[in-house]
Amino acid sequence: MGTHGIWIPKTHHGGGSPVIRGLTGNQTLVLIDGIRLNNSTYGNHLLPYLNTLDPLAISSVEITRGSGSTEYGTDALGGVIHFHSKKPEFTDEGLKISGRSTLRYGTAFRERENAGQEQTARAELNFATPNIATRLGLSYKQFGNLVAGGDLGAQVPSSYQEVDGDFQSRIRLGKHQITLAWQQVSQDSIDRLDELTSSGAYDLFQYDPQVRTLTYARYIYKVDKRWIKELRITPAFQQSIEQRNKRLKGTTTTLQERDEIQTQSLSVEIRSEPSINHHIISGIEFYRDEVFSEIKSIAENGDSTLLAGIYPNGATAANLSVFTLHKFRLKKLNLEGGLRYNRIQLEAFDPLFLNLSLQPDAVVGHIGGSYQLGRSSEFYNHTSHRIFVEVNTGFRAPNIHDWAGLGSFAQGFEVPNEALRSERNRTVELGYRLAAQRTQFNLTGYYTQLSNLISLNPTQFDGSDSLIGQRVFTQSNIDEAFVLGVEAQVKAIINPHLIVTAQGTY
C-alpha cells in the first residue's frame, strides 16, 4: 500500500487481508466512507474481503496504526484502514458535464493460455451544478492466472472476473448537505489456490459469487455554534453474499456453502468547538447484522440436499456504542483523549442448543499528547521537532463466527460458550517527528499487551468429553500475547522533481 508497517498477504489472486502491527482478520478494522466493512462473520485469519473494494472508485486512504477502538469501536486492535470514495464536486457555473475513462491491459507473455493477462476498463460520468453534484462509475475487470517469478510459471487456477458499479450524489441547501451513495462489487469464479495446491485436499474450492453492496445516505448540518458546529447523520444498508463451492479429492459430491449478511446501521455524530483550543467529536452508533447461512449438497447426478449452514440461520448481532473524543491545543502542547462504551447482543437458535444469547460489553479509552521542541513549522519553512506519547486500550467483541460456528468440523464438535468475553489490548506508544523544509522523519516505538484472546480448545458438554462420537471443543478466552515494534520513515525532497523515501519496520 506504499506505507510502512502494512502488509497485504494473499491466499489467492482474488483476495487480500491487511496486516497491521502483526494483527489481521477480525483484529483489524476496515471502513469505507466511515461505515464498517467488517461484519460479525469475520474470523481471526487472513480474509479476502479487502478485495471487495474497487480501487478505481477510491480517492484516498487513511491508516491508523495501533488500537483505534475509542474512535471506531470493536475489531480495531491492530489498526484501522479507512477508504474514502471519490466525491462529485460542485461547480460555480451552470450545468457542467464531464467524464473520465481508464483502460488497462497487461500480460506476462507466457505460453500458458490466459496467464498473466489483465483487462480493466472504467468509465465515469460527472454532472455538476452549484448545488447538485453527481458521479456515476462502472468498472469491468478480467484477471488471468497469476504468474510466479523465475521458472515457476502460472499459478493455475487463479483467474477471475469482476464487475463494479458506484453512484454518489451530493445536494447542497444552504447549511444543509445530503449525500446519497450506492456501490457494488461483484466477483465470479475466484479459486482458492492454496486449498487446491498447498493443502491438496480439494479438487474444487471456489468463491462464486462474492458480492458486496453498500447503500447509504448522509445528512450534514453546519452551523456556527460552539456546541454544535456540525451534525452528521448516516443511515446505511450493506449486504455481503459469499458462496463457496467445494469438492474434496476422491469424491463426486459438491458442497455449496452460502452465507448472506445483511447489515443495517445508523450513526449520529456531533462536532463541537467550545473554544478555539478545544475540539470535540461525540456520537452514537448502531449496527445490526443478520446472517443467513445454508449448505447445499449436490450429487454427481445433480440431486441436491439442503443442509444446515456453518452459522445458525437467522443469527443476529446488534452493536450499540456511544463515544466522545477531545483535542486540546495549548501553544506547543497538544493533548487528546476519549472514551467509548460498547454493548453487543448476539442471538441465535440452534436445533441442538436451542435459544442462544450473549451480551458482552466494553469500556475503552485513550489519552495522549505531543510537545513541540523549537519553533513552529509552517509549510516546513522552519524546522520543527515534536515528541509524542499515547496510551490506549482496545477491544474486539466476540462475534457470530467466534460464538455460533457450531457443529462438526475436522477435529471434532464445537459447542457454544455463553461466558465468552471481549478480547482486550493495552498499548503504550512513544515517538519523535522531525519536519524541516526538505526533510521529514518519523520514529515510533510501541508495546501492545493482548489478553482474553479467543481460541478453540477442548472442553466438556454435559459432563462428557465427546458428543455424537466426536471430541468436544469450544471457543474460550484462554490466550495472551504481546507485540513489541519499531517503525521509522524518512522523506527527503532533493529537488522539485525528485523525492526519496525510505522506511523500516521491526
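The text that follows walks through the structure, step by step, so that each part is easy to find. (Residues numbered from 1 in each chain as written. Predicted model: local features only at pLDDT ≥ 70, side-chain atom pairs only at ≥ 80, totals over all residues. Heavy atoms only, no water.)

Re the overall build of the chain
Item 1. What the chain contains, in helices and strands, is three helices and 31 strands.
Item 2. Relative to the 2.2 N^0.38 estimate, which gives 23 Å for 506 residues, the radius of gyration of the chain is 25 Å and therefore close to what a compact globule would have.
Item 3. Oriented by its inertia axes, the alpha-carbon framework of the chain measures out at about 75 × 60 × 50 Å.
Item 4. Relative to its full complement of 506 residues, the chain shows a buried share of 46%.
Item 5. In the chain, the share of contacts with a sequence separation of at least 24, taken over all contacts with a separation of at least 6, comes to 63%. (Helix = DSSP H or I, 4+ residues; strand = E, 2+ residues; numbered from the N terminus. Rg over C-alpha atoms; globule rule 2.2 N^0.38 Å. Buried < 20%, exposed > 50% of the residue type's maximum accessible area, 1.4 Å probe, protein only. Contact = heavy atoms within 4.5 Å.)

Comments concerning empty space enclosed by the protein
Item 1. Going through the model one piece at a time under the given rule, you end up with seven cavities of 30 Å³ or more.
Item 2. Of the volumes computed, that of the largest cavity is approximately 190 Å³.
Item 3. Contributing to the lining of the largest cavity are 17 residues, with Arg 36, Ser 40, Thr 74, Asp 289 and Asn 319 lying nearest its centre.
Item 4. Elements with a minimum of two residues in the lining of the largest cavity: strand S18 (278-298), strand S20 (315-330) and strand S21 (333-350).
Item 5. The greatest single-element share of the lining of the largest cavity, amounting to three residues, is contributed by S20.
Item 6. Residue composition of the lining of the largest cavity, grouped by class: seven nonpolar, seven polar and three charged.
Item 7. Of the volumes computed, that of the second largest cavity is approximately 130 Å³.
Item 8. As for the second largest cavity, its lining consists of 15 residues, of which Leu 37, Asn 39, Arg 212, Gln 238 and Ser 240 are closest to the centre.
Item 9. Split by residue class, the lining of the second largest cavity holds five nonpolar, eight polar and two charged. (1 Å grid on protein atoms, 1.4 Å probe; cavity = no way out; pocket = protein on both sides within 12 Å on 5 of 7 lines; lining within 4 Å. Points joined across faces, edges and corners; volume = space filled by probe spheres on them. Nonpolar A, V, L, I, M, F, W, Y, C, P; charged D, E, K, R; others polar.)

Some thoughts on the pairing of strand S19 (residues 304-308)
On any regular strand, side chains alternate: one points to one face of the sheet, the next to the other face.
Item 1. Of the strand pairs in this sheet, S18 and S19 are connected by five bridges, and their pairing is antiparallel. Note on S19: the bridge partner recorded for Ser 297 is Thr 305.
Item 2. The turn linking S18 back onto S19 is made up of five residues, and Gly 302 within it adopts a positive phi angle of 100°. (Pairing = 2+ DSSP bridges.)

Structural notes on the packing of aromatic side chains
Item 1. By the definition in use, this model includes eight aromatic pairs.
Item 2. Measuring from centroid to centroid gives 4.9 Å for Tyr 42 and Tyr 49, while their planes differ by 25°, and the two rings are stacked.
Item 3. Residue class for Tyr 42 comes out buried when judged on its relative accessible area of 6%.
Item 4. What links up through ring pairs into an aromatic cluster is the set Tyr 202, Phe 205 and Tyr 207.
Item 5. The residue whose ring lies beneath Arg 172 is Phe 90, and the NZ or CZ to ring-centre distance is 4.1 Å.
Item 6. The ring of Phe 205 has Arg 192 sitting right over it, with the charged end atom 5.7 Å from the ring centre. (Phe/Tyr/Trp six-rings, centres within 6.5 Å; stacked < 30°, edge-to-face > 60°. Lys NZ or Arg CZ within 6 Å of the ring centre and 35° of its normal.)

Looking at a nonpolar patch on the surface
Item 1. A contiguous nonpolar patch, built from Leu 266, Ile 284, Phe 286, Leu 320, Val 322, Leu 339, Tyr 341 and Val 363 and spanning about 660 Å² of accessible area, is present on the exposed surface.
Item 2. Locating Val 322 in the fold gives a position in strand S20. (Patch = residues over 30% accessible without salt bridge, like charges linked within 9 Å, V, L, I, M, F, W, Y side chains within 5 Å. Areas by Shrake-Rupley, 256 points an atom, 1.4 Å probe, with all protein chains shown as cover. Salt bridge = Lys/Arg side-chain N within 4 Å of Asp/Glu carboxyl O.)

What about the pattern of salt bridges?
Item 1. Taken as a whole and assessed by the stated rule, the structure comprises 27 salt bridges.
Item 2. Arg 104 is paired through a salt bridge with Glu 118; the nearest N and O atoms lie 3.0 Å apart. Here Arg 104, found in strand S7 (residues 96-106), pairs with Glu 118, found in strand S8 (residues 118-128); they are 14 residues apart in sequence, far enough to count as distant.
Item 3. In the salt-bridge network here, residues are joined through shared partners; they are Asp 54, Lys 86, Arg 122, Glu 124, Arg 135, Lys 141, Glu 162, Asp 164 and Asp 166.

Some points on the sheet that holds strand S3 (residues 29-32)
Item 1. A sheet is described by the order of its strands in space; here four strands give the open sequence S4-S3-S6-S5, paired in mixed fashion. The sheet is open, and its two edges are formed by strand S4 (35-36) and strand S5 (58-65), each paired on a single side.
Item 2. Where S5 and strand S6 (residues 79-85) come together, seven bridges link them in antiparallel fashion. Paired with Ile 63 across the two strands is Ile 81, which belongs to S6.

Details of the side chain of Asn 457
Item 1. Residue placement: Asn 457 occurs in strand S28 (residues 439-458).
Item 2. A residue is classified by how much of its surface remains accessible, and Asn 457, at 17% relative accessible area, is buried.
Item 3. Side-chain polar atoms of Asn 457 contact the side chain of Ser 476, separated by 3.0 Å.
Item 4. Contact partners of Asn 457, with chain neighbours within four places excluded, come to Val 472, Phe 473, Thr 474, Gln 475, Ser 476 and Ile 478. (Polar contact = N/O pair within 3.5 Å; in protein donor to acceptor, adjacent residues only side chain to side chain.)

Some words on unusual backbone geometry
Glycine aside, residues mostly have negative phi, and peptide bonds are mostly found in the trans state.
Item 1. Backbone torsion omega between Val 156 and Pro 157 reads 0°, so that peptide bond is classified as cis.
Item 2. Note on placement: Pro 157 falls in the loop between strand S11 (154-155) and strand S12 (160-173).
Item 3. Cis geometry is found at the peptide bond from Asp 208 to Pro 209, where omega equals 5°.
Item 4. Its location among the elements puts Pro 209 in strand S15 (residues 202-222).
Item 5. A positive phi angle, close to 60°, is found at Asn 452, a residue other than glycine.
Item 6. Positive phi outside glycine occurs at Asp 462, with the angle close to 55°.
Item 7. Relative to the helices and strands, Asp 462 resides in the loop between S28 and strand S29 (466-467).

Just geometry here; none of it tells us what the structure is for.
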